[in-house]
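Next come the chains, spelled out residue by residue.
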Amino acid sequence: MALDGLFFIFPSPMKILDGKALSEELIDSAKDEATKWKPKLAVILVGENPASLVYIKNKKKACERAGIEYEERRFPDTITQDQLISEIEKINTDDGISGLIVQLPLPEHIQVPLVIRAIDPKKDVDGFHAYNLGKIFLSPDFEDLPPATPSGIIRLLDHYDIPIRGQEAVVVGHSNHVGKPVSIMLLNRNATVTTCHIHTKDLKSHTKRADILIVAVGKAGLITADMVKKGAVVVDVGINRTEDGKLCGDVDFENVSKKASFISPVPGGVGPMTVAALILNTVHAAKRQNLKP
Ligand code: NAD
């Protein structure tokens, strides 16, 4: 029997998009450049949000692995917006620091867009500043400091040789940091992109059409197997906690994985890829600052 016939009887099994393994590979691959350009990442943390503490611990570990100097500046959640912005300005003018992230969320009395606007775009290694977000609209060639999570997602798809050009890509979630930029990055790679959100009528009619389905909402169990096309590539960005304290995504992994050709797990999928993309941005920012007088 021809090989094609065998595949018909035994369809190729679902594959895991292993973000953890790829993230470690990418962080290790940044070591040489880190030695050369000596990046230093500053992280501003306001308050003691438990999830933020976990995220910055992971970022610190990744910096240590890549050989990137890391500094945390912590402030109480009573800090005013003006005080926070003046702390950012100090880092902007500190030549010894090449990358800066302000860990989100911030307390309610602080307006996030104003804080992000205060970050020097050259040091904005989270890729949240309007300048860096604007550049990704142009073409992949202008993605100097792309937002970390969308960049991590694209790297994950590329690593597994998942074609993007001409594919139906459906993104669920339209936040400024994940849903919108990943939609643009997929469009720039010539996918046909649909972006869904809380006001989308009949979500399933869109998700069912997806060759590539990216879900970034923050609602456990939102995407069930009946909403997914057989053979789709499913990337789960969501991070939720179950009642027993375990992490889970937005996709019903157990059942959707039986239909998908590729699926990213939570944890171990997009989360570590976001950290890897942050590390690559940090090295890239240092390199550009070193090369420019
Ligand atoms: P957000 O709250 O800013 O945006 C949520 C989006 O989901 C919005 O566009 C909203 O319209 C949409 N939405 C809400 N309910 C919906 C519904 N029923 N149907 C369709 N769309 C709906 O969130 P965000 O910052 O983009 O994060 C989304 C999720 O991804 C969260 O769980 C967050 O923790 C996670 N996240 C993970 C990483 C990572 O590295 N893995 C990074 C960033 C965010």
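About the criteria used
- Position labels on residues start from 1 in each chain and follow its written sequence.
- Per-residue local features of the predicted model are confined to residues with pLDDT of at least 70, and side-chain atom pairs are confined, for both listing and counting, to 80 or more; whole-chain, interface and lining totals are unaffected and use all residues.
- Based on all heavy atoms of the structure, the side-chain values leave hydrogens and waters out of the count.
- The helix count covers DSSP runs of H or I at least four residues long, the strand count covers runs of E at least two residues long, and both are numbered beginning at the N terminus.
- A radius of gyration in this sense is built from C-alpha atoms; the matching globule rule multiplies 2.2 Å by the number of residues raised to 0.38.
- By definition, residues are in contact when any of their heavy atoms lie within 4.5 Å.
- Each accessible area is a Shrake-Rupley result for a 1.4 Å probe, and residues are judged covered by the shown protein chains and nothing else.
- By the counting rule applied here, Lys and Arg register as positive and Asp and Glu as negative, while His and the ends of each chain are not counted.
- One atom stands in for each charge, and that atom is NZ of Lys, CZ of Arg, CG of Asp or CD of Glu.
- Here a strand pair is declared whenever DSSP counts at least two bridges between the two strands.
- Here an angle of 0 to 180 degrees is reported between the N-to-C directions of two axes, which are lines fitted to C-alpha atoms, with helices fitted over the stretch in contact.
- The scheme is simple: roughly parallel for angles under 35 degrees, roughly antiparallel for over 145, roughly perpendicular for 65 to 115, oblique for anything else.
- Each crossing gets its hand from how the near helix is turned against the far one by less than a right angle, where anticlockwise is left-handed and clockwise is right-handed.
- When accessible area is computed with a 1.4 Å probe and restricted to protein chains, residues below 20% of their type maximum are described as buried, those above 50% as exposed, and intermediate ones as partly exposed.
- Segment limits for the domains were obtained from an automatic or database-derived domain assignment.
- Simply put, the buried area is the total loss of 1.4 Å probe accessible area from both parts when two parts are fitted together.
- By definition, a salt bridge exists where a carboxyl oxygen of Asp or Glu is found within 4 Å of a side-chain nitrogen of Lys or Arg.
- Polar contact is the term for a pair of N or O atoms within 3.5 Å; when the atoms are in protein, one must be able to donate a hydrogen and the other to accept it, and sequence-neighboring residues count only if both atoms are side-chain atoms.
- Three residue categories are used. Nonpolar comprises Ala, Val, Leu, Ile, Met, Phe, Trp, Tyr, Cys and Pro, charged comprises Asp, Glu, Lys and Arg, and polar comprises the others, including Gly.

J.: Residue-level account of the overall build of the chain, with values.
T.: Each helix and strand in the chain was counted, giving twelve helices and eleven strands. Here the C-alpha atoms of the chain give a radius of gyration of 20 Å, agreeing with the 19 Å that 2.2 N^0.38 yields for 293 residues. Overall, the chain is about 65 × 40 × 35 Å in size when its C-alpha atoms are taken along their principal axes. For the chain, contacts bridging at least 24 residues in sequence account for 70% of all contacts bridging at least 6. Total accessible area on the chain stands at roughly 14,700 Å², and carbon and sulfur atoms take up 55% of it. Taking the 36 positively charged and 37 negatively charged side chains of the chain as two groups, their mean positions are separated by 2 Å.

J.: Describe the sheet that holds strand S4 (residues 99–102), listing the residues and the values that go with them.
T.: With respect to topology, three strands assemble into an open sheet ordered S3-S2-S4, the strand pairing being parallel. Among the strands making up the open sheet, the edge pair consists of strand S3 (69–75) and S4. The mean inter-strand angle of the sheet, taken between neighbouring strand axes irrespective of direction, is 15°. Two elements, strand S2 (residues 40–46) and S3, share seven bridges in a ladder whose sense is parallel. Following the sheet pairing, isoleucine 44 is matched in S3 by arginine 73. Against the sheet, helix H4 (residues 50–66) contacts S2, S3 and S4, and its axis sits at roughly 160° relative to S3. Across the sheet, helix H5 (residues 81–92) is in contact with S2, S3 and S4; its angle to S2 comes to roughly 175°.

J.: Go over the packing of H4 against helix H12 (residues 270–291), please, and point to the residues and values.
T.: Relative to each other, H4 and H12 sit at 50°, their axes nearing to 10 Å. Overall, the two elements H4 and H12 adopt an arrangement that is oblique. Handedness of the H4/H12 crossing: right-handed. Facing H4, whose interface residues are Asn58, Lys59, Ala62, Cys63 and Ala66, H12 presents Val275, Leu278 and Ile279.

J.: Before we move on, could you go through the environment of aspartate 82 and cite the residues and values that matter?
T.: Structurally, the position occupied by aspartate 82 is in helix H5. Classification of aspartate 82 as exposed rests on a relative accessible area of 60%. In sequence terms aspartate 82 and valine 115 are 33 residues apart; their C-alpha atoms lie 9.1 Å from each other.

J.: Lay out the domain arrangement of the chain in plain terms, naming residues and giving numbers.
T.: Quoted interface sizes are often the accessible area lost when the parts come together. Here the chain is partitioned into domain 1 (39–126) and domain 2 (147–271). One C-alpha centre belongs to domain 1, the other to domain 2, and the line joining them spans 28 Å. Taken together, the contact pairs four residues of domain 1 with four residues of domain 2. Taken together, the two surfaces of domain 1 and domain 2 that pack against each other cover about 270 Å², and 59% of this comes from carbon and sulfur. Considering only the surface of domain 1 that becomes buried against domain 2, Tyr55, Leu104 and Asp126 emerge as the three largest contributors, covering 76% of it. Between the two partners, domain 1 and domain 2, sit zero salt bridges. Put simply, domain 1 and domain 2 have one residue pair in polar contact (both at pLDDT 80 or more) between them. A breakdown of the residues in the side of domain 1 that touches domain 2 according to their chemical character gives three nonpolar, no polar and one charged.

J.: Talk me through the pattern of salt bridges; I want residue IDs and the actual numbers.
T.: Counted by the stated rule, this structure contains 15 salt bridges. Measuring nitrogen to oxygen at the nearest pair gives 2.6 Å for the salt bridge that ties arginine 73 to glutamate 71. One continuous salt-bridge network, built from bridges that share partners, spans Lys40, Glu69, Glu71 and Arg73.

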